[in-house]
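Per-entry structural report
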Amino acid sequence: ACVVLTARTVLQGLSASNVDTVSVGTGPAIQLTKSASYPGNILPGKTRIDFSVTATNIGAPDALPSATLVTGAGASTITVNGRPMPLVLVRDPVPVGTQYVPGSLNSASAGAMRLFRYAGDAPFAYRTIEDASAIEVAIGLPGALVRNGASAMTFAVLVNPEQTGTILNTAF
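If you're wondering where the values come from, they're calculated on a predicted model, not measured in any experiment.

Observations regarding the sheet that holds strand β8 (residues 83-84)
A sheet is described by the order of its strands in space; here three strands give the open sequence β8-β7-β12, paired in mixed fashion. Every interior strand has two partners, whereas the edge strands, β8 and β12 (125-126), have only one. Alignment of strand β7 (residues 79-80) against β8, held across two bridges, turns out to be antiparallel. Across the sheet, V80 pairs through a bridge with R83, a residue of β8.

Re the environment of T98
When you line up the elements, T98 lands in strand β10 (residues 98-100). When the C-alpha positions of T98 and R48 are compared, they lie 9.1 Å apart, and in sequence the two are 50 residues distant. Dropping the residues within four chain positions of it, T98 is found in contact with V157, L158, V159, N160 and I167. A distance of 2.6 Å separates a polar atom in the side chain of T98 from the backbone oxygen of P95.

A closer look at the nonpolar core
One finds Y100, L105, F116, V137, M153 and F155 to be the most contacted residues of the largest nonpolar core, which totals 22 residues. At the level of secondary structure, the elements contributing two or more residues to this core comprise β4 (48-57), β9 (88-93), β11 (113-118), β13 (134-141) and β14 (150-159). In contact with V137, not counting residues within four places along its chain, are V90, R91, D92, V94, Y100, L105, L115, F116, M153 and F155. I78, V80, L115 and Y126 belong to the second-largest nonpolar core, a separate cluster that totals eight residues.

Concerning the packing of aromatic side chains
On inspection of all chains with the given rule, the structure shows two aromatic pairs. With centroids separated by 5.2 Å and ring planes inclined at 25°, the aromatic side chains of F51 and F155 adopt a geometry described as stacked. With F51 in strand β4 and F155 in strand β14, this residue pair connects regions lying 104 residues apart in the sequence. Owing to a relative accessible area of 7%, F51 belongs among the buried residues under this scheme. Ring geometry for Y100 and F116: centres 5.6 Å apart, planes at 55°, overall tilted. In this pair, Y100 sits in strand β10 while F116 sits in strand β11, placing the two residues 16 residues apart along the sequence. For the pair Y100 and F116, a shared accessibility class is recorded, and that class is buried. The ring of F51 is capped by K34, whose NZ or CZ atom sits 4.7 Å from the centre of that ring.

Cut-offs applied
- Residues numbered from 1 in each chain as written.
- Predicted model: local features only at pLDDT ≥ 70, side-chain atom pairs only at ≥ 80, totals over all residues.
- Heavy atoms only, no water.
- Pairing = 2+ DSSP bridges.
- Helix = DSSP H or I, 4+ residues; strand = E, 2+ residues; numbered from the N terminus.
- Contact = heavy atoms within 4.5 Å.
- Polar contact = N/O pair within 3.5 Å; in protein donor to acceptor, adjacent residues only side chain to side chain.
- Core = buried A, V, L, I, M, F, W, Y, C linked by side-chain atoms within 4.5 Å.
- Buried < 20%, exposed > 50% of the residue type's maximum accessible area, 1.4 Å probe, protein only.
- Phe/Tyr/Trp six-rings, centres within 6.5 Å; stacked < 30°, edge-to-face > 60°.
- Lys NZ or Arg CZ within 6 Å of the ring centre and 35° of its normal.

Below, the structure is given as structure tokens:
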């Protein structure tokens, strides 16, 4: 199947598209929808950007929690505060040129754990302690993300005073 993702900014009227080829199977399939909002022009050191990420399971079966992830780079273990933990993860790196706003990561999903990864931490090694130096934020769902079910998270960043150019961000 071929999937086309198109994004359009309301303020600037700009758009971009990404075309992906997807192999259709019988497993869970998590579709991510992401938005960013900010007031007017971005001013380094002053502008807050609010992100919203929604994960919807559009696959046939439920997405079940697992402590082991298999990626193109091999298998990784999800850890929380140093201990393996089976979770369904929705994660998003803090964009380069910005800083996480402590206290802004939220989810209304029942039992969702607020998780943070810092510079020097291994991939998928999360902590429950938060501060502005987080390089990735995530929510961990201890239960299944059922077929056609959704889970969302919101968080905010502040644009660094020295930031110039484009701020890029992709959720996982």
